[in-house]
Every structure is written in C-alpha cells, then in structure tokens.
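So you can see what is in the structure, the chains are spelled out below.
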Amino acid sequence: MFLSAKDMLTLLFEPTTFFRTRMARKVSWPLMIGIPAACVVLNFIGTAIFAVKEFRGMAGIFTVSQMPSIGPRGAVGLAAMSSLFYPVVIAGIFVATICLDVLVGAGRSFSLPKLLELYCLAWVSQVPYFLLRVILAVTFVPPQLLPLRLPFQQWVMDALVSYNDALAHNVAILLAKNLGYASYAWLIVVTMCAYYAIARSTVVRSGFIGSVLYILFFVIGQHTFSQ
Amino acid sequence: MKRKAVAFAVLLMLLALIVVAQPGAVANLSGSTAIHSGTSAWAYSVGMSRGEGLIYSIAATVACGSISGPGGIACGIVAAG
C-alpha cells in the first residue's frame, strides 16, 4: 500500500525498473489517490504562503487608493483553487497519452487503470519540488513599494505594474518558477518512463509523446494563462 | 482509422480547452498598463462586494504570475473568474 524508501530510490534512479516492478502488482487505489493528494496539499501550503505575503504587499496600494483591501482569506482561496487543478492535469495528461498512443503508439494493448496508477506514482517526483517551494515561500519577503506622486488612477496602475515587476525579479519567486519548469520537465520524463514500461514502446516514440505532452500542458498552457 | 480520428479530435479539444480560457486570464501588466482582468464572479459568489471582487481579481492576477505550471493556469482562471 505504501512506497518504501527503497521503492522511492528506485523511482528516482531507475524509473523504468520501478514501473516494471509495479506492473506485476495489483492496482493500489490508496496510492493512486494519496500521492496526488499529497502534492495538492504541499502545493497548497507553498502557494498560500506566497499568496498571503503577496496580497499583504499589495494591501498598501489599495489602502492608499481608498479601495477595499483583501484579507488572507482571499489568498488562501486562490491557493486552494490553484492546487485543486493538479488532479485535472493528471487526468489531462492521461487522456492525451491514450490519444497519442492511438495515433503514434505501438498498438499494443495495456491496462488503463494500471497506466493511471503509474502516472499518479510518477507525481512522487514532484514532492521534493513542492517541499522546496514551501521553504522558498517561508523565506520570501514581498517587495516594498514607495508611494508615487501621480494622479489617482495612474498611481494605482503604476504601483501595480511596479509591484508586478518587483515580484518578477524576486529571487524566491524566480527560483520557485524556474525550479517548477525543471520539475515539470522531470515529471514528464518519469511519466514517459511509465508509458515506456507499460506500452512496451520505443524510446523515440515515448520521447515524442512526452515532448507533445510537455508542450501542450507546460509550454502552451503556461504562456497562454500567465503573463 | 475511426479510432485515430477520435483520438485526434480529443487532442484538438484538449488544445482548444487550454487556449480558449486565455483572454480572461491574461493580465499583461509588464507590457502595458492595461489590466484585462474583468470582474470576478467567483469572488462575488463567496460573498465579496463588487469593489472587493474587482480588487481581488486584480490582486489575484498579479499573484498568479509567480506560480508556474498547472497551478498558474488554474490561478489565472480563478482570477479571471
């Protein structure tokens, strides 16, 4: 039911061997639910700490502008909604893999619940990143804005733009974002090791499917939805 | 052939789902001074007033810029509400 330390090390250094070993076992539903749930919780903690501090940094802008301020509840809600999206991504990657397998796969049949279990297990690779993100969030100090002498509307806009720029250059945020990109690339590599093991695919085919998945979920998605 | 057509259609739908949510979620704060984020229906539904909802939406959009990957995607959608 649980992953031992040896299992974790095998997943880290020999993912294909780990997934081949798991294929021989029955599908473990607690693990399938538990690992994504742990990722959601860890991500929630990191995002909530970041968001509460960022909102606190922005509170000054809104107070000076005599606009209603947002308390920590809003930041926590934002973190919760953001974290709950991870299971949707796992489902999306799973569905996209099946489609790509039909289009370019080897045409060998495999158990879909097993593939889903292996994909959920692959998210173990994200746990170190999420832990590191919590540490970065704790050390994060929101930028302080100096009051600008500008007309009201322009002041708010300029202050928000300055704050946004300051956030974009903050070391903790830069580290968290760049580690995120690297970590998601690693996730796709591990996920493709699972696909390679279960579908008995070739390295080239798995690499192609992995590249499409990364572009779809972590390149197009990221550049479409964020700034 | 039919299976391949269905698989291709599902992939296109996934791509469309990712791209379609774009306009509301984008806050191009770095390039221009215009905030495209609208009023946040999500914020109103949890009891925020109209002014609070708008401010929440703007603040959330700024905060979302610091989240990478899937979390950032969801964050942008929530902010655009």
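Residues numbered from 1 in each chain as written. Chains lettered and ligands numbered in written order. Predicted model: local features only at pLDDT ≥ 70, side-chain atom pairs only at ≥ 80, totals over all residues.

## Some thoughts on the overall build of chain A
Consideration 1: Looking only at helices and strands, chain A features 10 helices and zero strands.
Consideration 2: The helix and strand sequence of chain A, counted from the amino end, reads α-α-α-α-α-α-α-α-α-α.
Consideration 3: For chain A, buried positions account for 44% of its 227 residues.
Consideration 4: Of all intrachain contacts in chain A linking residues separated by at least 6 positions in sequence, the fraction that spans at least 24 positions is 81%. (Helix = DSSP H or I, 4+ residues; strand = E, 2+ residues; numbered from the N terminus. Buried ≥ 20, exposed ≤ 12 C-beta atoms within 10 Å, placed from the backbone. Contact = placed C-beta atoms within 7 Å.)

## Here's the deal with the overall build of chain B
Consideration 1: The helix and strand tally for chain B stands at five helices and zero strands.
Consideration 2: When each of the 81 residues of chain B is scored for burial, the buried share is 49%.
Consideration 3: Contacts in chain B between residues at least 24 apart in sequence constitute 37% of all its contacts with a sequence separation of at least 6.

## Observations concerning the packing of helix 5 (residues 86–104) of chain A against helix 6 (residues 112–122) of chain A
All names here are of chain A.
Consideration 1: At a closest axis distance of 10 Å, the pairing of helix 5 and helix 6 adopts a crossing angle of 130°. Judged on the interaxial angle alone, helix 6 and helix 5 are oblique. Relative to helix 6, the crossing made by helix 5 is right-handed. Here I90, I93 and F94 of helix 5 come into contact with helix 6, specifically with L115, L116, Y119 and C120. (Axes fitted to C-alpha atoms, helices over the stretch in contact; angles between N-to-C directions. Parallel < 35°, antiparallel > 145°, perpendicular 65-115°, else oblique. Left-handed = near helix turned anticlockwise from the far one by under 90°.)

## Some details on the environment of F217 of chain A
Consideration 1: Along the chain, the position of F217 of chain A falls in helix 10 (residues 203–225).
Consideration 2: F217 of chain A sits 175 residues away from L42 of chain A along the chain, and the two C-alpha atoms are 20 Å apart.

## Description of the nonpolar core
Soluble, globular proteins show a tendency: their nonpolar side chains are buried together.
Consideration 1: Formed by 73 residues in total, the largest nonpolar core has its most connected members in A51, A122 and A194 of chain A.
Consideration 2: In this structure, A122 of chain A is in contact with L187, V190, T191 and A194 of chain A, ignoring residues within four places of it in sequence. (Core = buried A, V, L, I, M, F, W, Y, C linked by C-beta atoms within 7 Å.)

## A word on helix 5 of chain A
Consideration 1: Given a rise of 1.5 Å per residue, 19 residues ought to cover 27 Å, and the 26 Å separating the end C-alpha atoms of helix 5 of chain A matches this to within 8%.
Consideration 2: Among all positions in helix 5 of chain A, only Y86, V89, I90, I93, A96, T97, C99, L100 and D101 of chain A are buried. (Expected span 1.5 Å × (residues − 1).)

## Re the environment of R56 of chain A
Residues and elements named next belong to chain A.
Consideration 1: Mapped onto the fold, R56 is located in helix 3 (residues 29–64).
Consideration 2: We classify R56 as partly exposed; it has 15 C-beta atoms within 10 Å.
Consideration 3: Along the primary structure R56 and P142 are separated by 86 residues, whereas in three dimensions their C-alpha atoms are 7.9 Å apart.

## Brief notes about unusual backbone geometry
All names here are of chain A.
Consideration 1: A positive phi angle, close to 50°, is found at R200, a residue other than glycine.
Consideration 2: Inspection of the secondary structure puts R200 in the loop between helix 9 (171–199) and helix 10.
Consideration 3: Using a count of 11 C-beta atoms within 10 Å as the deciding quantity, one classes R200 as exposed.

## Quick look at helix 7 (residues 127–139) of chain A
Residue and element names in this part refer to chain A.
Consideration 1: Compared with the 18 Å implied by 1.5 Å per residue over 13 residues, the 19 Å span of helix 7 between its first and last C-alpha is a close match.
Consideration 2: What helix 7 keeps buried is the set Y129, F130, R133, L136 and A137. What you see down the axis of helix 7 is that its buried residues fit within an arc of 115°, all on one side. (Arc of directions from axis to C-beta.)

## Here we look at the confidence of the model for chain A
Consideration 1: Confidence in the prediction of chain A, expressed as mean pLDDT, is 82, and 86% of residues score 70 or more.
Consideration 2: Put simply, helix 8 (residues 152–168) of chain A is where chain A has its lowest mean pLDDT, 73, and helix 7 of chain A is where it has its highest, 92. (pLDDT = per-residue confidence, 0-100.)

## Quick word on the packing of helix 1 (residues 5–13) of chain A against helix 2 (residues 15–23) of chain A
All names here are of chain A.
Consideration 1: One way to put it is that helix 1 packs onto helix 2 with a least axis distance of 5 Å and a crossing angle of 130°. Taken together, the axes of helix 1 and helix 2 lie oblique to each other. Residues D7, T10 and L11 of helix 1 form the contact with helix 2, whose participating residues are P15, T17 and F18.
Consideration 2: Taken together, the residues of the contact of helix 1 with helix 2 sort by class into three nonpolar, two polar and one charged. (Nonpolar A, V, L, I, M, F, W, Y, C, P; charged D, E, K, R; others polar.)

## Side note on the confidence of the model for chain B
Residues and elements named next belong to chain B.
Consideration 1: Averaged over every residue, the pLDDT of chain B is 64; the share at 70 or more is 33%.
Consideration 2: Mean pLDDT values for the elements of chain B range from 46 in helix 2 (residues 22–25) up to 85 in helix 1 (residues 2–20).
Consideration 3: Long-range and interchain partners of residues 23–39, a stretch whose pLDDT sits below 50, account for 39 contacts in this model, where long-range means more than four residues apart.
Consideration 4: The ipTM for the predicted assembly is 0.70, set against a pTM of 0.78.

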